[in-house]
Amino acid sequence: MSEAKPYVIPKQLVWEAYQRVKANRGAAGVDGESLTAFEKDLKGNLYKIWNRMSSGSYFPPPVRLVEIPKDNGGKRPLGIPTVADRVAQTVVKMVLEPLLEPKFHPDSYGYRPGKSALDAVGVARQRCWRADWVIDLDIKAYFDSIPHDLVERAVAHHTDIPWVQLYIARWLRAPVQKADGTLEQRTRGTPQGGVASPLLANLFLHYAFDLWMQRQFPQIQFERYADDGAPRGREGGFMN
């Protein structure tokens, strides 16, 4: 550690993060740089990410807003980070996720290693046969409305690594660039489409929903896939 590099981030971690980004592919961000273009100077680009993150001088660029049509006629806003920013976010995710995973509820299935939507559906199917009632819930505009301060408090509860906390705070506040080039500042939410966003969304609902359910309605079973859930039970519970 030095004054120029106050944060110890292994170069190998940045390399492994790039490998994950490469495997996931994905579209270009606001800079228009594709993964293929990024790889033309791969060594130099990865060094820049490591150097800036280690020195505390990494600031995420805006995320590119893409609106995907939904079945109900609405649109789902996605925030597409640049390739470099996806690598940087993956670096943080690779450090934070192992700290959070052991704490998460077993019936949380969304965006978690070794779990899938099919797992959630399978458990729901089995439990529905034993239930008198089921509530299907979906939190409206969840990714767009997560309170930044509560997410940051939750992150700080699980890690005291300063650079993890620093960059998560910066990603939460990175502006969105619309199709016409205008920037929209964000005071809430984490962009759906970001690498770190699903992990942060799960972390918030771990406290706001999963643990709350355990405390208030321990007899009610549920499965949650990100912001979609299905509590169920026998007589009583929510139905009283």
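Everything numeric here is computed off the predicted structure, so don't read it as measured data.

About the criteria used
Residues numbered from 1 in each chain as written. Predicted model: local features only at pLDDT ≥ 70, side-chain atom pairs only at ≥ 80, totals over all residues. Heavy atoms only, no water. Axes fitted to C-alpha atoms, helices over the stretch in contact; angles between N-to-C directions. Helix = DSSP H or I, 4+ residues; strand = E, 2+ residues; numbered from the N terminus. Left-handed = near helix turned anticlockwise from the far one by under 90°. Contact = heavy atoms within 4.5 Å. Nonpolar A, V, L, I, M, F, W, Y, C, P; charged D, E, K, R; others polar. Salt bridge = Lys/Arg side-chain N within 4 Å of Asp/Glu carboxyl O. Parallel < 35°, antiparallel > 145°, perpendicular 65-115°, else oblique.

(A) Layout of the packing of helix H1 (residues 11-24) against helix H4 (residues 83-100). Running from N to C, H1 and H4 point in directions that differ by 115°, and their axes come no closer than 8 Å. Every pair of crossing elements has a handedness; the one defined by H1 and H4 is right-handed. On H4, the residues touching Leu13, Val14, Glu16, Ala17, Tyr18, Arg20 and Val21 of H1 are Val83, Arg86, Val87, Thr90, Val91, Met94 and Val95. Residues of the contact of H1 with H4, tallied by class, amount to 10 nonpolar, one polar and three charged.

(B) Structural view of the pattern of salt bridges. Enumeration according to the criterion identifies seven salt bridges in this entry. A salt bridge links arginine 173 to glutamate 152; its shortest N-O distance comes to 2.7 Å. With arginine 173 in helix H8 (residues 162-173) and glutamate 152 in helix H7 (residues 148-158), this pair connects stretches of sequence that are 21 residues apart. Note that aspartate 210 is salt-bridged to arginine 224, the shortest N-O span being 2.8 Å. Of this pair, aspartate 210 sits in helix H9 (residues 197-216) while arginine 224 sits in strand E7 (residues 224-225); the two residues are 14 residues apart in sequence, bridging distant segments of the chain. One connected set of salt bridges, linked through shared partners, spans Asp107, Arg127 and Glu223.

(C) How the structure looks around the packing of H4 against H8. The interhelical angle for the contact between H4 and H8, taken along N-to-C directions, is 135°, at an axis separation of 10 Å. Of the possible angle classes, the one that applies to H4 and H8 is oblique. H8 is crossed by H4, and the crossing has left-handed handedness. Each of Asp85, Ala88, Gln89, Val91, Val92, Val95 and Leu96 in H4 lies in contact with H8, whose residues at this interface are Trp163, Val164, Tyr167, Ile168 and Trp171. Broken down by class, the residue content of the contact of H4 with H8 amounts to 10 nonpolar, one polar and one charged.

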